[in-house]
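Architecture and fold: a report
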Amino acid sequence: FAARVANLLRESEISPALLELELTESMVMEASSSIQSTLDALRQLGVCLSLDDFGTGFSSLGYLRRFPIDRLKIDQSFVRDVDHTPVNASIVQAVVALARSLGMEVVAEGVENEAELAFVAGCGCDESQGYWHARPMSGPDLRIWVQEYDSLRDTRTTAVSSCEGGRCHHSERGSAPAGAEHTG
């Protein structure tokens, strides 16, 4: 798989730093013995690896230490109503602290309102995804949305993510425009 990804990146002349592959917890756990070399090879290419829906499976902390994961994506079930559900708030805070201690970035999935966004940002999440930023859209609508977002970029936030040397990096400037999300 890693060799195919390397060939596709070379053929398309896309920097590996611009590619992020999302792995589900269940996939990593079910194939843990066979997946290690593939993930290591993808990391060597400079591809960013995310563990999606973190916390919904039978999370093993050993896997976080063993596999070359760059980002944890907190499942939306923990983000939903996080601003007034204490157990969700505790889980989000714990996952952010865990990810930070392991040198990983954190993405909050399923952010649907300003209160959830404020909470996950206050906890130190690097990025967020969800309907608060944008609803699913067609290709042509996406082009228009990106153009509108880019026109706001000079006066609002730009969240920039890249993976260099096998590690993801993220920075923000300003404050995010309502209804906009930008991930690398």
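A brief look at the structure comes next. These numbers come from a predicted model, not from an experiment.

Right, let's talk about unusual backbone geometry for a bit. Despite not being glycine, E13 has its phi angle at roughly 55°, a positive value. Note that E13 resides in the loop between α1 (2–12) and β1 (20–24). Take E13: its relative accessible area is 73%, and that puts it in the exposed class. Positioned with a positive phi, D53 is a non-glycine residue whose angle comes to about 55°. Inspection of the secondary structure assignment puts D53 in strand β2 (residues 48–54).

A word on the packing of aromatic side chains. Inspection of the entire model under this criterion finds one aromatic pair. Aromatic pair W145 and Y149: ring centres 5.7 Å apart, planes at 15°, arrangement stacked. Here W145 pairs with Y149, and both are found in helix α8 (residues 139–152), just four residues apart, close to one helical turn. For W145, a relative accessible area of 19% translates into the label buried. Taking the relative accessible area as the measure of exposure, Y149 reaches 5% and is therefore buried.

Cut-off values and rules
Residues numbered from 1 in each chain as written. Predicted model: local features only at pLDDT ≥ 70, side-chain atom pairs only at ≥ 80, totals over all residues. Heavy atoms only, no water. Helix = DSSP H or I, 4+ residues; strand = E, 2+ residues; numbered from the N terminus. Buried < 20%, exposed > 50% of the residue type's maximum accessible area, 1.4 Å probe, protein only. Phe/Tyr/Trp six-rings, centres within 6.5 Å; stacked < 30°, edge-to-face > 60°.

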